[in-house]
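# Structural characterization, general
The residues making up each chain are set out below.
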Amino acid sequence: KPHLRCTIVLRAISEKMALSVPRPDSLLRPLVVPSLTMLGPGPVACAPRVLAAFRHQMLPTFACNDSLVTIMADIRQGLQYVLQTTSPYTFAVSGAAHAAMECALVNTLEPGDVALITVHGLWGERASEIADRHDVVVKQLRKDLGQVFTLAELKQALEEHKPAVLFMTHGESTGGTLQPLEGVGELCHKYNCLLVVDTVATVGAVPFFMDKWEVDVPFTGAHKAIGGPVGVSPISFSSRAWKKIETRTSKVRSFYLDAKLLAQCWSALEPFKYHHTCLPTSTYGLREALAMIVEEGLEKVWERHRTNSDELWSGLEKCGLNMYVVNKVLWFLRICCLLLTAAVVCVCVCV
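Residues numbered from 1 in each chain as written. Predicted model: local features only at pLDDT ≥ 70, side-chain atom pairs only at ≥ 80, totals over all residues. Heavy atoms only, no water.

## What about the pairing of strand 2 (residues 114-119)?
- Burial of strand 2 is extensive: six of the six residues sit out of reach of the surface.
- The two faces of strand 2 match: Val114, Leu116 and Thr118 on one face and Ala115, Ile117 and Val119 on the other face are all buried.
- Examined bridge by bridge, strand 2 and strand 3 (residues 137-142) share six bridges and lie parallel to one another. When the bridges of strand 3 are listed, Leu116 appears paired with Lys139. (Buried < 20%, exposed > 50% of the residue type's maximum accessible area, 1.4 Å probe, protein only. Helix = DSSP H or I, 4+ residues; strand = E, 2+ residues; numbered from the N terminus. Pairing = 2+ DSSP bridges.)

In structure tokens form, the structure reads like this:
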């Protein structure tokens, strides 16, 4: 009979499409996220105002969506403020700060270009790895942890290697140093070289002046001193850097990190062009984090970080602990790097 044959066929189909992987019991339990006091370099604990922004509904990434376009415009103005730049090519990359690092390098360098990368900790090593994977000729200027580079050393390296890009880390969190940047941009431009700076741990914590210091491409993370969420990473390109991008002889090797396409998606470059679906909730959180900095005032934010850091470091010294960086002028106040002796390690383990 027809209905019997239909039942048999449906049963056969059902048996073939039977699930072989059962429902995970872990997802039948409520989500548990512990409340932690996070004292590491990042991510930091977001303020209640930033967390509240995550509860808003998703918005699509289209030019006709005035609400999201307005929020993204707010972010661009906020980033110009914290970076101290008037560059219109200022926006955020959807991804961790490593994505912003790669965006900075892959857009300003072409295969065969020379990149001079200063290495005095982990982040110079990471930049070297990224540049090498894009067939860039990597030259390193190396120093030990806890040391920084002088203008004389940089000048000598620029003359020797004639790089298209000099990469520096402003706040080297693995060594506890704050690299002086005054005069570096001017020096680079004398040798027709762009200055790319990792400011992931510094922007929002210590003074930084993109335009005044002639930094061509600073990139940072929203999840550290800015106080925003992970997954959306600010970046800015100077007019010099943008000219280099406009005059490339080869395509940017990463479609996802193509700065021109990202700038169009953020309405930093006309006309608007859809590139990818931005992260709405992270975008809301970054907007609110920047709004809090604007309301407090950037100078007061820097002073607050300095005051808190001074008190912490003073207390640690009273406990008999020594800082890893001997020269106090080079201390990166936001990151506390201690010199661990065998006794200190023993105490930490026992406690």
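Having seen the model, we can carry on.
## Concerning the environment of Val301
- Tracing the backbone through its elements, the reader meets Val301 in helix 11 (residues 298-318).
- Judged by relative accessible area, which is 1%, Val301 ranks as buried.
- When near neighbours in sequence (up to four residues on either side) are disregarded, Val301 contacts Gly204, Ile293 and Glu296. (Contact = heavy atoms within 4.5 Å.)

## A closer look at the environment of Tyr284
- Tracing the chain through its elements places Tyr284 in helix 10 (residues 280-296).
- When the C-alpha atoms of Tyr284 and Met101 are compared, they prove to be 22 Å apart, with 183 residues separating the residues in sequence.
- Ignoring any residue separated from it by four or fewer positions in sequence, one finds Tyr284 in contact with Ala53, His56, Gln57, Met58, Leu59, Leu68 and Ile71.
- Among the polar contacts listed, one links the side chain of Tyr284 to the backbone nitrogen of Leu59, at a separation of 3.4 Å. (Polar contact = N/O pair within 3.5 Å; in protein donor to acceptor, adjacent residues only side chain to side chain.)

## What about the environment of Leu27?
- Within the secondary structure, Leu27 is located in the loop between helix 1 (2-16) and helix 2 (48-53).
- Leu27 sits 106 residues away from Arg133 along the chain, and the two C-alpha atoms are 38 Å apart.

## What to know about the pairing of strand 9 (residues 232-236)
- Along strand 9, five of the five residues are buried, which leaves the element largely enclosed by surrounding structure.
- Alternating positions in strand 9 separate into two faces, Val232, Pro234 and Ser236 on one and Ser233 and Ile235 on the other, with burial throughout.
- Inspection of the sheet shows strand 1 (residues 90-94) paired to strand 9 by five bridges, in the antiparallel sense. Looking at the pairing, Ala92 lines up with Pro234 of strand 9.

## Section: the pattern of salt bridges
- By the definition in use, this model includes 12 salt bridges.
- Among the charged side chains, a salt-bridge network with shared partners connects Arg49, Asp74, Arg287, Glu288 and Glu295. (Salt bridge = Lys/Arg side-chain N within 4 Å of Asp/Glu carboxyl O.)

## Digging into helix 6 (residues 151-161)
- Those residues of helix 6 that sit buried are Leu154, Ala157 and Leu158. Down the axis of helix 6, the buried side of the element spans an arc of 100°, and every buried residue falls inside it. Facing away from the buried surface of helix 6 by more than 90 degrees, the exposed residues are Ala152, Gln156 and Glu160.
- The inward-facing, buried residues of helix 6 contact strand 2, strand 3, strand 4 (165-169) and helix 7 (184-190). (Arc of directions from axis to C-beta.)

## Observations concerning the packing of helix 4 (residues 97-108) against helix 5 (residues 122-133)
- In the contact formed by helix 4 and helix 5, the axes pass within 10 Å of each other and the chain directions differ by 55°. The angle between helix 4 and helix 5 places the two elements in the oblique class. When the axes of helix 4 and helix 5 are compared, the crossing they make is right-handed. On the side of helix 4, the interface is formed by His98, Met101, Glu102 and Leu105, while helix 5 contributes Trp123, Arg126, Ala127 and Ile130.
- Partitioning the contact of helix 4 with helix 5 into residue classes produces five nonpolar, one polar and two charged. (Axes fitted to C-alpha atoms, helices over the stretch in contact; angles between N-to-C directions. Parallel < 35°, antiparallel > 145°, perpendicular 65-115°, else oblique. Left-handed = near helix turned anticlockwise from the far one by under 90°. Nonpolar A, V, L, I, M, F, W, Y, C, P; charged D, E, K, R; others polar.)

## As for unusual backbone geometry
- Omega for the bond connecting Glu270 with Pro271 falls within 30 degrees of zero, at -5°, which places this linkage in the cis form.
- In this structure, Pro271 sits in the loop between helix 9 (259-265) and helix 10.
- Although it is not a glycine, Asn192 sits at a positive phi angle of roughly 55°.
- Locating Asn192 in the fold gives a position in the loop between helix 7 and strand 7 (194-198).

Geometric values such as these leave the question of function open.
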